[in-house]
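Remarks on the overall topology
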Amino acid sequence: MAEVERIGYKHVCDTHVSSTYMLRHEDINGSNRLFGGRLMEWIDDLAGIAARLQCGGDITTVAVDKLEFRHPAFLNDIVVLDAWVTHVERTSMEVRVDTYVIEPETGERTMINHAYLTEVCVDKDGHPKPIPWGLVADTDEEHAECENARKRAELRKLRHAQGI
């Protein structure tokens, strides 16, 4: 596959976005916890924003990996989502989204879940198009996340090839 001619590079921090919610009745399921579908909607929205900041255009979500629910959230809890691009390929990129519940008195964050989403840059007709900017990882943590993203991409390709 031909290498993409990049017009420049963006830093991981250029793609970092956050959202904060206070859980309301419409966010709660029948077990009085945060409805997983609502959280998945928020995760997908925020991942899409981070991806658009990277590619400068329209995107579509093609995969969600490793969506793990680790801790519940309840009515009136404050929930924060943080998202950033971890890796860029030719037309696709991976976005990590971490979700926390915040204790208002102490500011302590407890992780609810984290997820990895694959987003594809698309043209006006919805066809994949090359991402014009590469991604620069500045910190050791960003470099490690990028390397792990490459491994996840290879696993996705392998699973797809094997029909798994």
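Structure: see above.
The notes below deal with the structure included here. Because the structure is predicted, anything quoted here is derived from the model rather than measured.

Each helix and strand counted, the protein chain has 2 helices and 7 strands in total. Order of helices (α) and strands (β) in the protein chain, N terminus to C terminus: β-β-α-β-β-β-β-β-α. Its C-alpha radius of gyration of 17 Å places the protein chain within 12% of the 15 Å reference for a compact globule of 164 residues. Structurally, the protein chain occupies a C-alpha span of about 50 × 35 × 30 Å along its principal axes. Each of the 164 residues in the protein chain was classed as buried or not, and the buried ones make up 42%. Here the protein chain carries 19 positive and 29 negative side-chain charges, and the mean point of each set is 5 Å from the other.

What the largest pocket holds in volume is close to 220 Å³. At the level of secondary structure, the elements contributing two or more residues to the lining of the largest pocket comprise strand 3 (58-69), strand 5 (92-102) and helix 2 (140-162). Top contributing element to the lining of the largest pocket by residue count: helix 2, with 5 residues. Grouping the amino acids of the lining of the largest pocket by side-chain chemistry returns 5 nonpolar, 4 polar and 4 charged. One number sums up the size of the second largest pocket: a volume of about 180 Å³. If you trace the second largest pocket, you find 10 residues lining it, with His87, Glu89, Arg90, Glu154 and Lys157 closest to the centre. Those elements that place two or more of their residues in the lining of the second largest pocket are strand 4 (78-88) and helix 2. Of the residues in the lining of the second largest pocket, the class split is 2 nonpolar, 3 polar and 5 charged.

This paragraph deals with the nonpolar core. By size, the foremost hydrophobic cluster in this structure holds 27 residues, and its most contacted members are Leu81, Met93, Val95 and Val97. It is helix 1 (residues 36-55) that contributes the most residues to this core, 8 residues altogether. Residues within four places of Val97 in sequence aside, it is in contact with Ile43, Ala47, Leu81, Asp82, Ala83, Asn113, His114, Ala115 and Leu117.

Another aspect to go through is the environment of Asp140. With respect to the secondary-structure elements, Asp140 resides in helix 2. By relative accessible area, Asp140 is classed as exposed at 70%. Asp140 sits 75 residues away from Asp65 along the chain, and the two C-alpha atoms are 23 Å apart.

Among the secondary structure elements, Thr118 is positioned in strand 6 (residues 109-122). Using a relative accessible area of 9% as the deciding quantity, one classes Thr118 as buried. Excluding residues that lie within four positions of it along the chain, Thr118 makes contacts with Thr60, Thr61, Val62, Ala63, Ser92, Met93 and Arg156.

Calculation criteria
- Residues numbered from 1 in each chain as written.
- Predicted model: local features only at pLDDT ≥ 70, side-chain atom pairs only at ≥ 80, totals over all residues.
- Heavy atoms only, no water.
- Helix = DSSP H or I, 4+ residues; strand = E, 2+ residues; numbered from the N terminus.
- Rg over C-alpha atoms; globule rule 2.2 N^0.38 Å.
- Buried < 20%, exposed > 50% of the residue type's maximum accessible area, 1.4 Å probe, protein only.
- Lys, Arg positive; Asp, Glu negative; His and termini not counted.
- Charge placed at Lys NZ, Arg CZ, Asp CG, Glu CD.
- 1 Å grid on protein atoms, 1.4 Å probe; cavity = no way out; pocket = protein on both sides within 12 Å on 5 of 7 lines; lining within 4 Å.
- Points joined across faces, edges and corners; volume = space filled by probe spheres on them.
- Nonpolar A, V, L, I, M, F, W, Y, C, P; charged D, E, K, R; others polar.
- Core = buried A, V, L, I, M, F, W, Y, C linked by side-chain atoms within 4.5 Å.
- Contact = heavy atoms within 4.5 Å.

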